[in-house]
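Overview (structure and organization)
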Amino acid sequence: MISHPYRSPADLEAMIALLKSVRPPEAISDYPGILDLRELLSRPETGAAARLWQARSGELAGFALVDPANNLLFEIDPSLATAELEDELVAWGVARV
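Overview of the structure. What you see is a predicted model, and the numbers here were worked out from it, not measured in a lab.

Formed by 15 residues in total, the largest nonpolar core has its most connected members in Tyr6, Met15, Leu37, Phe63 and Leu65. Listed by contribution, the elements that provide at least two residues to this core are helix H1 (9–22), helix H2 (34–40), strand S2 (50–54) and strand S3 (60–66). Per element, the largest residue contribution to this core is 5 residues, and it comes from H1. Setting aside chain neighbours within four positions, we find Met15 in contact with Tyr6, Leu37, Leu41, Leu52, Leu60, Phe63 and Leu65. With 11 residues, the next largest nonpolar core counts Val66, Ile76, Leu89 and Trp92 among its residues.

Before going further, it helps to examine unusual backbone geometry. Backbone torsion omega between Tyr31 and Pro32 reads -5°, so that peptide bond is classified as cis. Here Pro32 is to be found in the loop between H1 and H2. A positive phi angle, near 65°, is found at Asn70, a position not held by glycine. Under the relative-accessibility criterion, Asn70 is labelled partly exposed at 45%.

Okay, the pairing of S3 next. With 7 of its 7 residues buried, S3 lies for the most part within the structure. Strand direction decides the pairing type here: S2 and S3, joined by 5 bridges, are antiparallel. Across the sheet, Ala50 pairs through a bridge with Leu65, a residue of S3. Linkage of S2 to S3, two consecutive antiparallel strands, is achieved through a turn of 5 residues, within which Gly58 is found at a positive phi near 100°. Sheet topology note: the S3/strand S4 (residues 72–76) ladder contains 5 bridges and is antiparallel. Its bridge partner being in S4, Gly62 is matched across the sheet by Ile76. Remark: 5 residues form the turn of the hairpin made by S3 and S4, two consecutive strands paired antiparallel; Asn70 in that turn has positive phi of roughly 65°.

Conventions used here
Residues numbered from 1 in each chain as written. Predicted model: local features only at pLDDT ≥ 70, side-chain atom pairs only at ≥ 80, totals over all residues. Heavy atoms only, no water. Core = buried A, V, L, I, M, F, W, Y, C linked by side-chain atoms within 4.5 Å. Buried < 20%, exposed > 50% of the residue type's maximum accessible area, 1.4 Å probe, protein only. Helix = DSSP H or I, 4+ residues; strand = E, 2+ residues; numbered from the N terminus. Contact = heavy atoms within 4.5 Å. Pairing = 2+ DSSP bridges.

Limitation: the analysis is restricted to geometry and does not speak to function.
And the structure:
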């Protein structure tokens, strides 16, 4: 896996696409939903507290962000999930908080 900080609206669109692909329709608006991500990542401080993980193939495997209340919010593509990815994501979140 390769990770990088949140960089641009293109990252936001990739995060939204991941949500749409992994969540069932009845859970698409669960927090953080699409509108929540748009609002949260419109704040520079939240964008600075977000990270994306990509598979070597370039697919977005997951993302995490720490919101203004210091909650770790994340989503992982189950088809790309590994224990290593989960551990790295949580360790990054703990370090951010």
